[in-house]
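One-letter residues, chain by chain:
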There are 2 protein chains.
Amino acid sequence: MTNLDIAEVARRSGLPASTLRYYEEKGLIASSGRAGLRRQFDPGVLQRLALIALGRTAGFSLDEIVLMFGPDGQPRIDRTMLTAKAAELDTTIGRLTVLRDSLRHAAACPAPSHLECPTFRRLIRAAESGTVDPPPPAPLRKHRQNC
Amino acid sequence: MTNLDIAEVARRSGLPASTLRYYEEKGLIASSGRAGLRRQFDPGVLQRLALIALGRTAGFSLDEIVLMFGPDGQPRIDRTMLTAKAAELDTTIGRLTVLRDSLRHAAACPAPSHLECPTFRRLIRAAESGTVDPPPPAPLRKHRQNC
DNA sequence: GTGTCACTTCAAGCCGACTTGAGGTCAACC
DNA sequence: GGTTGACCTCAAGTCGGCTTGAAGTGACAC
């Protein structure tokens, strides 16, 4: 009664059934049983999937996420890990912010060619100097009205 | 004289030679000739590699980046594309910011289990409601001292 | 009882961005 | 003139996160 068919879980979570099977295989979720061949899931799986999605958004791999659940199924999240990930996100955010501002500038800049725009050239130089490499960032000041 | 050996380009750009060959194959860079078998590069390739790195950081694929150079080798960057990418980055930054704050909160939160922390639960609920899915974001207010 | 249809398993394929490995070439040094 | 070592080509492998395809099963409708 309270159990959900895989199709229902797929519908409610927005994930394709193939992904759910894959997650089960990886040990990220567990089916509560079978009705014939068909997997049945406890409704709690939805929260768990949400948690998994959250972890993925934060940049954790599925393997890392598996480790975040105790054998009891309870999330057992290491606070140190969270702090580290937060710091990592912080760095990423900083890089992306600089880049976004630079892109906006380049888009708005009146110089006929990007190579003639001082801001763009500064950005390239920063990139060239190794301050920007993918992943790494581009140090540049805030977006301003004129070059 | 002015030409650079692939090893030199690798050293200066920080990219392995295999990557440079791969980039050449993809049409991202061009060697200016050969000395025997060995590729020679114009020093300008370094700026170009910097530009490529920049594009990668901004989230462009190599295929997209190829299109950003005219047949003349001059960067021919579509300003509309830049604006669009800036907006995309903006969204990403927003999502990551919320997530970072939430992670920090969860790390600092005194609740014995994360599931008992209201902020964390709110985050999960947000995730569950589809506001957060990977890529998508987690809407949640700023980090605060207490739950 | 037979058709349909959503599920099942298992293996293989896909994507992007490279890396790795085998086997070959070439310039320079001793 | 032989060894070394850095380059070369081309094909295949890697990684993560799934998706796809073929072939099978089982519950329910008619």
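Conventions we followed
- Residues numbered from 1 in each chain as written.
- Chains lettered and ligands numbered in written order.
- Predicted model: local features only at pLDDT ≥ 70, side-chain atom pairs only at ≥ 80, totals over all residues.
- Heavy atoms only, no water.
- Core = buried A, V, L, I, M, F, W, Y, C linked by side-chain atoms within 4.5 Å.
- Buried < 20%, exposed > 50% of the residue type's maximum accessible area, 1.4 Å probe, protein only.
- Contact = heavy atoms within 4.5 Å.
- Least-squares fit on C-alpha atoms with pLDDT ≥ 70 in both.
- Buried area = accessible area lost by both parts, 1.4 Å probe.
- Salt bridge = Lys/Arg side-chain N within 4 Å of Asp/Glu carboxyl O.
- Phe/Tyr/Trp six-rings, centres within 6.5 Å; stacked < 30°, edge-to-face > 60°.
- Lys NZ or Arg CZ within 6 Å of the ring centre and 35° of its normal.
- Helix = DSSP H or I, 4+ residues; strand = E, 2+ residues; numbered from the N terminus.
- Polar contact = N/O pair within 3.5 Å; in protein donor to acceptor, adjacent residues only side chain to side chain.

Visitor: I'd like to hear about the nonpolar core, residue by residue, with values.
Guide: Ranked by size, the top nonpolar core spans 80 residues in total, and within it Ile52(A) and Ile52(B) carry the most contacts. When near neighbours in sequence (up to four residues on either side) are disregarded, Ile52(B) contacts Tyr23(B), Leu28(B), Ile29(B), Leu62(B), Ile65(B) and Phe69(B).

Visitor: Let's hear about the relation of the copies chain A and chain B: which residues, and what values?
Guide: In this structure, two copies of a chain are linked by a rotation about an axis accompanied by a shift along it. For the pair chain A and chain B, the relating rotation is 180°, the translation along its axis is 0.0 Å, and the fit reaches an RMSD of 0.0 Å. Classification of the inter-copy transformation places it as that of a two-fold axis. Relative to the rotation axis, the closest C-alpha in chain A is found at Ile93(A), a distance of 2.9 Å. The share of interface residues of chain A whose copies in chain B are also at the interface is 98%, consistent with both copies meeting through the same surface.

Visitor: Go over the interface of chain A and chain B, please, and point to the residues and values.
Guide: At the junction of the two partners, chain A supplies 48 residues and chain B supplies 47 residues. For the pair chain A and chain B, the summed buried surface comes to about 4300 Å²; carbon and sulfur atoms form 70% of the total. When the area that chain A buries against chain B is broken down by residue, the three leading residues are Leu54(A), Thr57(A) and Arg79(A), summing to 15%. Between chain A and chain B we count 4 salt bridges in total. The shortest N-O distance in the salt bridge between Arg100(B) and Asp90(A) comes to 2.4 Å.

Visitor: Would you mind going over the packing of aromatic side chains in detail, with residue names and values included?
Guide: Summed over the entire model, instances satisfying the criterion amount to 2 aromatic pairs over all chains. When the ring of Tyr22(A) is compared with that of Tyr23(A), the centres are 6.3 Å apart and the planes differ by 45°; the resulting orientation is tilted. Taking the relative accessible area as the measure of exposure, Tyr22(A) reaches 40% and is therefore partly exposed. Here the basic side chain of Arg48(A) rests over the ring of Phe69(A), its NZ or CZ set 3.8 Å away from the ring centre. The cationic tip of Lys85(B) hangs over the ring face of Phe60(B); the distance from NZ or CZ to the ring centre is 4.5 Å.

Visitor: Could you give an account of the side chain of Arg39(A), with specific residues and numbers?
Guide: All names here are of chain A. Relative to the helices and strands, Arg 39 is located in strand 3 (residues 38-41). In this structure Arg 39 comes out as buried when scored by relative accessible area, which is 17%. Separated by 2.4 Å, the side chains of Arg 39 and Glu 24 make a polar contact. The contact partners of Arg 39, leaving out residues within four places of it in the chain, are Leu 4, Asp 5, Ile 6, Arg 21, Glu 24, Ser 31, Gly 33 and Arg 34.

That is the geometry; function is a separate question.
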